[in-house]
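# Breakdown of the fold
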Amino acid sequence: MKFAVLVFPGSNCDVDMYHAIKDELGEEVEYVWHDATDLSEFDGVLVPGGFSYGDYLRCGAMANQSNVMAEVKKFAEAGKPVLGVCNGFQILTEAGLLPGALLRNKNLKFMCRTVELKVENNDTLFTHQYEAGQIINVPIAHGEGNYFCDDQTLAELKANNQIVFTYSGENPNGSLEDIAGIINERGNVLGMMPHPERAVDTLLGSDDGLKVFKSIVKMWRESHVS
């Protein structure tokens, strides 16, 4: 399986994503600059964290205007897997690939620490390697991770089982319903604020995030290798 790790001016988690795929999984991966206009050679797209374009206007707003995002939208429409983490999640909401928005943390501070997540839905492309209800330890590092959506959208997320991860115990940023990660209705686009790519080896304090990437690869192989 071949992954694209998008790189915008201000991205700073692209190297972590690359490491998770190449060194931990042994899969093919390439950095793809924001002005790219073709993603056809890739099987999965990873939109990393950071501060794309300095977070000017709104987090992810300027990144959404990049050439590559038009291709990401086509990629998602084709049913291929797209994972957006932290700033990547913000970019996906700006692009309309996921509903809702990420607001300033409730305490108005940048939060950087490991948190407990609950796997709410393990019947997805991204989480089928986990157990339902499993508690995992994954780091966060954000100032605008407070997920919000209107009542109708929240009802749809619940009805369609699109809430994939929630904060367990402490809610660090004030997110609605403790939401930490959601998928689109089709199930091939995941956005999450915590960083699974920073939890892929016990030397880093946790390898609980590795199963996100293992899930993607296993599902892809099952559907492409006879």
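Residues numbered from 1 in each chain as written. Predicted model: local features only at pLDDT ≥ 70, side-chain atom pairs only at ≥ 80, totals over all residues. Heavy atoms only, no water.

### What about the packing of aromatic side chains?
We count it as follows: Two rings belonging to Phe, Tyr or Trp (six-membered ring only in the last case) form a pair when the distance between their centres is within 6.5 Å. Interplanar angles under 30 degrees mark stacking, angles over 60 mark edge-to-face geometry, and anything in between is tilted. Where helices and strands are cited, they refer to DSSP runs of H or I of at least four residues and of E of at least two residues respectively, numbered from the N terminus. Buried means the residue's accessible area, taken with a 1.4 Å probe over protein chains only, is under 20% of the maximum for its type, while exposed means over 50%, and partly exposed covers the values in between.
Scanning the entire structure with this criterion turns up 4 aromatic pairs. Seen from their ring centres, Y18 and Y31 are 4.6 Å apart, and the 15° between their planes marks the pair as stacked. Within this pair, whereas Y18 is found in helix α1 (residues 14–25), its partner Y31 is found in strand β2 (residues 28–33), the two being separated by 13 residues in sequence. You can call Y31 partly exposed: its relative accessible area is 39%. On the basis of an interplanar angle of 85° and a centroid distance of 6.4 Å, the ring pair of Y130 and F165 is categorised as edge-to-face. Here Y130 is found in the loop between β6 (111–119) and β7 (135–142), whereas its partner F165 is found in strand β9 (residues 163–167), with 35 residues between them in sequence. Of the two residues, Y130 and F165, neither departs from the other in class, the shared state being buried.

### Notes on the pattern of salt bridges
Pairing between side chains becomes possible if they bear opposite charge and their charged atoms approach one another. To keep it simple, the criterion reads: For this document, the term salt bridge refers to a Lys or Arg side-chain nitrogen within 4 Å of an Asp or Glu carboxyl oxygen.
Tallied over the full model, the rule gives 10 salt bridges. R198 is the salt-bridge partner of D16, the closest N and O atoms lying 3.9 Å from each other. Residue D16 is found in helix α1, and its partner R198 is found in the loop between β11 (189–192) and α5 (210–224); the two are separated by 182 residues along the sequence. Close ionic contact of K158 with E177 constitutes a salt bridge, the shortest N to O distance being 3.4 Å. One end of the pair, K158, is in helix α4 (residues 151–159); the other, E177, is in the loop between β9 and β10 (179–183), and 19 residues separate them in sequence. Relative accessible area serves as the criterion here: at 46%, K158 is assigned to the partly exposed category. Judged by its relative accessible area of 41%, E177 falls in the partly exposed class. Linked through salt bridges whose partners overlap, the residues forming this network are K2, E30 and E41.

### Regarding α1
Stated formally: Expected helix span is given by 1.5 Å per residue-to-residue step, counting one fewer step than there are residues. It is the directions from the helix axis to the C-beta atoms whose arc is reported. A contact between two residues is defined here by any heavy atoms of the two lying within 4.5 Å.
Taking 1.5 Å as the rise per residue, α1 with 12 residues should run 16 Å; its terminal C-alpha atoms sit 16 Å apart, in good agreement. For α1, the set of buried residues is D14, M17, A20, I21 and L25. With its buried residues spanning 130° around the axis, α1 presents them on a single face. Of the residues in α1, the exposed ones pointing more than 90 degrees away from the buried face are V15 and D23. Turning to α1, the residues buried within the fold contact β1 (2–7), β2, β3 (44–47), β4 (82–85) and α5. Just downstream of α1 lies G26, where phi reads positive at about 75°.

### Description of the sheet that holds β2
Stated formally: Think of it this way: DSSP has to see at least two bridges between two strands before they count as a pair. To get an axis, a line is fitted to the C-alpha atoms, and for a helix only the part in contact is used. The angle between two axes follows their N-to-C directions and goes from 0 to 180 degrees.
An order of β2-β1-β3-β4-β11-β10-β9-β6-β7 is seen for the 9 strands of this open sheet, with the pairing classed as mixed. Taken across any chain shown, the strands that pair with only one partner, and hence form the sheet edges, are β2 and β7. Adjacent strand axes in the sheet meet at a mean angle of 25° when their direction is disregarded. Looking at chain direction, β3 and β4 are connected through 3 bridges and run parallel. The residue bridging V45 from the neighbouring strand is V82, located in β4. Across the sheet, helix α3 (residues 87–94) touches β3, β4, β10 and β11, and the angle it forms with β4 is around 120°.

### Some details on the UniProt feature "active site" (unreviewed entry) in the protein
Selection criterion: UniProt positions are given in the numbering used here, feature names are shortened, and annotations may be inferred rather than shown by experiment. Counting of polar contacts relies on pairs of N or O atoms within 3.5 Å, with two restrictions inside protein: one atom must be capable of donating a hydrogen and the other of accepting it, and residues adjacent in sequence are counted only when both atoms are side-chain atoms.
Taking the UniProt record as the reference, the feature "active site" (unreviewed entry) is found at C86, H195 and E197. For the residues just named, distributed over 112 residues, the greatest C-alpha separation is only 10.9 Å, placing them together at one site. Position of H195 among the secondary structure elements: in the loop between β11 and α5. Look at H195 and you get buried, because its relative accessible area is 1%. When near neighbours in sequence (up to four residues on either side) are disregarded, H195 contacts C13, G49, V85, C86, V138, P139, I140 and A141. Side chain to side chain, H195 and E197 meet in a polar contact 2.6 Å long. Summarising the element assignment, E197 is placed in the loop between β11 and α5.

### What to know about a nonpolar patch on the surface
Rules: Each patch is built from salt-bridge-free residues with over 30% relative accessible area, joining like charges within 9 Å and nonpolar side chains (Val, Leu, Ile, Met, Phe, Trp, Tyr) within 5 Å. Exposure was quantified through the Shrake-Rupley algorithm and a 1.4 Å probe, taking into account, for residues, occlusion by the shown protein chains and nothing else.
Together, Y56, L57 and M62 give the surface a local cluster of nonpolar side chains, amounting to about 370 Å² of exposed area. Residue placement: Y56 occurs in the loop between β3 and α2 (67–77).

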